[in-house]
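# Inside the fold
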Amino acid sequence: MRKLVECVPNFSEGRDQAIIDSITGEIGRVDGVTLLDVDPGADTNRTVVTMVGEPEAVLEAAFLAIRRAGQLIDMTRHSGAHPRMGATDVCPFVPVSGLTMDDCAEFARRLGRRVGEELGIPVYLYENASSRPERQNLADVRKGEYEGLAGREGDAYWTPDFGPATFNARSGATAIGAREFLIAYNINFNTRDKKPVNDIALEIREAGRNMRDENGKFVRDENGEPIKAPGKLKAVKAIGWYIEDYGVAQLSVNLTSYTTTPLHLLFETVREEARKRGLRATGSELVGLIPLDAILEAGRYYLDLQGGSKGITERDIVHIAVKSLGLDELTPFDPEKKIIEYAVREKGELASLTVEGFCDLLSSDAPAPGGGSVAALCGALSAALTAMVGNLTTGKGVSKEQEQAAWSISERCQKMKQAFVLAIDEDTQAFNRVMDCFRLPNKTDEQKAARLAAIEQANKGATMVPLEVLRRSVEALDLAEAMVPIGNPNCASDAGVAGLTGRAAAHGAFYNARINLAGITDEEFCAMVREEAGKLKDEADEIAGRIAEATEAKLTG
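Residues numbered from 1 in each chain as written. Predicted model: local features only at pLDDT ≥ 70, side-chain atom pairs only at ≥ 80, totals over all residues. Heavy atoms only, no water.

## Comments concerning unusual backbone geometry
Selection criterion: We count a stretch as a helix when DSSP gives it H or I for four or more residues in a row; a strand needs E for two or more, and each element gets its number in order from the N terminus. Buried residues are those whose accessible area, probed at 1.4 Å on protein chains only, stays under 20% of the maximum for their type, while exposed residues exceed 50% and partly exposed ones sit between those limits.
Residues alanine 368 and proline 369 are joined by a peptide bond in cis, for which omega reads 5°. By the secondary structure assignment, proline 369 is in the loop between helix H11 (355-362) and helix H12 (371-391). Even without a glycine there, the phi angle at asparagine 45 is positive, about 50°. Counting through the fold element by element, asparagine 45 comes out in the loop between strand S3 (33-41) and strand S4 (46-53). Of note, glutamate 127 is a non-glycine position whose phi angle comes to about 50°, a positive value. Counting through the fold element by element, glutamate 127 comes out in strand S6 (residues 123-127). Its relative accessible area of 31% is what places glutamate 127 among the partly exposed residues.

In structure tokens form, the structure reads like this:
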């Protein structure tokens, strides 16, 4: 899984477009970062920026943007409706894919240290990156705002986590943290009346509603404050409102942790509460973007309810989620724009070709694609065939246990197929990196040494791509073998071809891993690759042989 992190810095400038453009321009300078959104507000005098990418690139982009904000924004002259304490007020990291919250907390610490040391800006860590419990809540960290920072000098309680413990009048202070992904989500109803919808909000949101006694009066604590009855769903903030443009009442929700309360649980709970009030939740809409995992989990939930296989394509699972949640009721839902991983991914040029186009390019005098890409393609075909057999193992004569086992294999094969498809382009990209290194300057002794080191490193990278394909090919063959005895007997030949293409993938990857070793001087690395690749090829041959025997027995039996 590709490692992706979201970063949402908030800058204390929402009126001067030139300053905003200069800050976001720093982000645009960094390769590997996608700027998803820039949302300035004149009244708040604040701009919320959303970017996503691989961790190191995002860390660099965040630092450059914070540095530019410190150069351009003078907090001694700032005013606005939103609480703030610095030119860059907050900068949270959010895990999107392939990362944990602990990873994001470490990113926050790394950025905080650099901002404090290199820019001289006091940094406070908050939420999941906080250094102590009393700094978890951003409101507590920002207490007193910019105007109260000068009074923190000399107070050990307010010593920043990084940077000087003295007041920085121009830049103020910055809170850097790690938090869950926030999904902004609205649910639509067949009414214009926001009152019953707001009642649903009180029922389901974590904060709940004020408790009432038998006379309908608020129940209060010893201080006279109303006591809350907690709502049904954790990590949910909600309110009802009326949207004139659509002519419907909506439940507006901030889902602060979709791992705590999944999107489908939120929607189904709201649907049940709506029925109690004679209403119907007709659909929903997503404000902003959503992580792929969140929508796939919803799709799998509804597939389970329908009794369908979850071993279908990722796109089909997304489609089920969109239709089940009614995400396209008010406006079209474009997965390429609304799902973070889809919005930021670089589409593989080779994998996007038609079959004919790929074969034409392959047969040309272009040095790439070559055997490595073809090996990955064979692996994808093997996994896809096994998934197909599993999805066709259902109906008359198939036990429930057999069906579920076959569908489980199909689900694993779909993920493996995606990884193989990515490797089609990764192999060619690795070859191109080697070629780029050969074109590096080669005149001085320093240039020659740097060039040789770069070539060595690129060749290692070019070796690891087919080695990973070889590893995965053995896994694909394992799944194909497991499918043969339980799969639909009418698909016996398909399972057999899955074995053949899996073996072809393994041998092709084996050849390509070995040929790259010729350009590598690190003998320890070469010995490791030769040993592992040889064992994997032999294992692939053994499994493929058993698949062939089992297939032959099915065809003749």
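Next comes the rest of the write-up.
## Some points on the sheet that holds strand S13 (residues 281-287)
Convention followed: In short, DSSP must find at least two bridges between two strands for them to pair. Convention adopted: a line fitted to C-alpha atoms gives each axis, helices being fitted over their contacting stretch, and angles between N-to-C directions are expressed from 0 to 180 degrees. We call two residues contacting when some pair of their heavy atoms lies within 4.5 Å.
Spatially, the 4 strands line up as an open sheet ordered S11-S12-S8-S13, and their pairing is antiparallel. Since the sheet does not close on itself, it has two edges, and those belong to strand S11 (236-243) and S13, each with one partner. On average, adjacent strands in this sheet sit at an angle of 25° to one another, irrespective of strand direction. Note: strand S8 (residues 183-189) against strand S12 (residues 248-255), 6 bridges, orientation antiparallel. Bridge pairing in S12 links alanine 184 to asparagine 254. Against the sheet, helix H5 (residues 194-204) contacts S8, S11 and S12, and its axis sits at roughly 175° relative to S11.

## Let's talk about the packing of helix H2 (residues 55-72) against helix H3 (residues 101-119)
Which entries qualify depends on this criterion: By definition, turning the near helix anticlockwise from the far helix through less than a right angle yields a left-handed crossing, and turning it clockwise yields a right-handed one. In this classification, Asp, Glu, Lys and Arg are treated as charged, Ala, Val, Leu, Ile, Met, Phe, Trp, Tyr, Cys and Pro as nonpolar, and every other residue, Gly included, as polar.
Running from N to C, H2 and H3 point in directions that differ by 35°, and their axes come no closer than 10 Å. Note that H2 runs across H3; the crossing there is right-handed. Residues Pro55, Glu56, Leu59, Glu60, Ala62, Phe63, Ile66 and Arg67 of H2 form the contact with H3, whose participating residues are Phe107, Arg110, Leu111, Arg114, Val115, Glu118 and Leu119. When the residues that make up the contact of H2 with H3 are grouped by side-chain class, the tally is 9 nonpolar, no polar and 6 charged.

## Looking at the packing of H5 against helix H6 (residues 263-276)
Note the cut-off: Each angle is binned into one of four classes, with values under 35 degrees roughly parallel, values over 145 roughly antiparallel, values of 65 to 115 roughly perpendicular, and all other values oblique.
As a packed pair, H5 and H6 sit with axes 10 Å apart at the nearest point and diverge in direction by 125°. Taken together, the axis directions place H5 and H6 in an arrangement best described as oblique. Like other packed secondary-structure pairs, H5 and H6 cross with a definite hand, here right-handed. Contact with H5, carried on its side by Ile200, Glu203 and Ile204, involves Leu266, Thr269, Val270, Glu273 and Ala274 of H6 and no other residues of that element. In the contact of H5 with H6, the residues fall into 5 nonpolar, 1 polar and 2 charged.

## What about the side chain of arginine 152?
What counts here: None of His or the chain ends enter the tally, which takes Lys and Arg as positive and Asp and Glu as negative. A side-chain nitrogen of Lys or Arg and a carboxyl oxygen of Asp or Glu constitute a salt bridge if their distance falls within 4 Å.
Examined against the element boundaries, arginine 152 turns out to sit in the loop between helix H4 (138-141) and strand S7 (174-178). No salt bridge is formed by the buried arginine 152, whose closest oppositely charged neighbour, aspartate 155, lies at an N-O distance of 7.8 Å. With near-sequence residues (within four places) excluded, arginine 152 lies in contact with Tyr124, Val141, Arg142, Lys143 and Trp158.

## Observations concerning the pattern of salt bridges
If you walk through the whole model with that rule in mind, you get 36 salt bridges. For glutamate 26, the salt bridge is made with arginine 29, and the minimal N-O distance between the two is 2.8 Å. Its relative accessible area of 6% is what places glutamate 26 among the buried residues. Measuring nitrogen to oxygen at the nearest pair gives 3.8 Å for the salt bridge that ties aspartate 541 to lysine 537. Of the two residues, aspartate 541 and lysine 537 both sit in helix H16 (residues 523-556), 4 residues apart, roughly one turn of that helix. Note on aspartate 541: relative accessible area 22%, which makes it partly exposed.

## Some details on the environment of isoleucine 340
Mapped onto the elements, isoleucine 340 comes out in helix H10 (residues 340-344). Taking relative accessible area as the criterion, isoleucine 340 reaches 0% and is therefore assigned buried. C-alpha separation for the pair isoleucine 340 and aspartate 293, spaced 47 residues apart in sequence, amounts to 10.0 Å. With sequence-adjacent residues up to four places away left out, isoleucine 340 is seen in contact with Glu6, Val52, Val96, Phe181, Leu289, Ile290 and Pro291.

## Topic: the packing of aromatic side chains
Threshold: A pair of Phe, Tyr and Trp rings is counted when the ring centres sit within 6.5 Å of each other, with Trp represented by its six-membered ring. The angle between the planes then sorts it: under 30 degrees is stacked, over 60 is edge-to-face, the rest tilted. Our definition puts a charge over a ring when NZ of Lys or CZ of Arg is within 6 Å of the ring centre and also within 35 degrees of the ring normal.
Going through the model one piece at a time under the given rule, you end up with 6 aromatic pairs. For the ring pair tyrosine 124 and tryptophan 158, a centre distance of 6.2 Å and an interplane angle of 80° mean the geometry is edge-to-face. Pair noted here: tyrosine 124 is in strand S6 and tryptophan 158 is in the loop between H4 and S7, with a separation of 34 residues, a long-range link. The burial state of tyrosine 124 is the same as that of tryptophan 158; both residues are buried. Measuring from ring centre to ring centre gives 5.3 Å for tyrosine 157 and tryptophan 158, while their planes differ by 85°; the resulting arrangement is edge-to-face. On the basis of relative accessible area, tryptophan 158 is assigned to the buried category, the value being 16%. Each residue in the set Tyr124, Tyr157 and Trp158 is aromatic and connected to the rest through ring pairs, giving one cluster. For arginine 152, the ring lying beneath its charged end belongs to tryptophan 158, and the centroid distance is 3.6 Å.

## Quick word on the nonpolar core
Stated precisely, the cut-off is as follows: By nonpolar core is meant a set of buried Ala, Val, Leu, Ile, Met, Phe, Trp, Tyr and Cys residues that side-chain atoms within 4.5 Å join together.
Of all hydrophobic cores here, the largest spans 51 residues; its most connected members are Val33, Ile73, Phe93, Leu111, Val115 and Ile176. Broken down by element, this core gets its largest block of residues, 10 residues, from H2. If we ignore the near neighbours within four places in the chain, the residues touching valine 33 are Ile27, Met51, Val52, Ala57, Val58 and Ala61. Residues Ile187, Ile204, Leu292 and Val322 belong to the second largest nonpolar core, which totals 50 residues.

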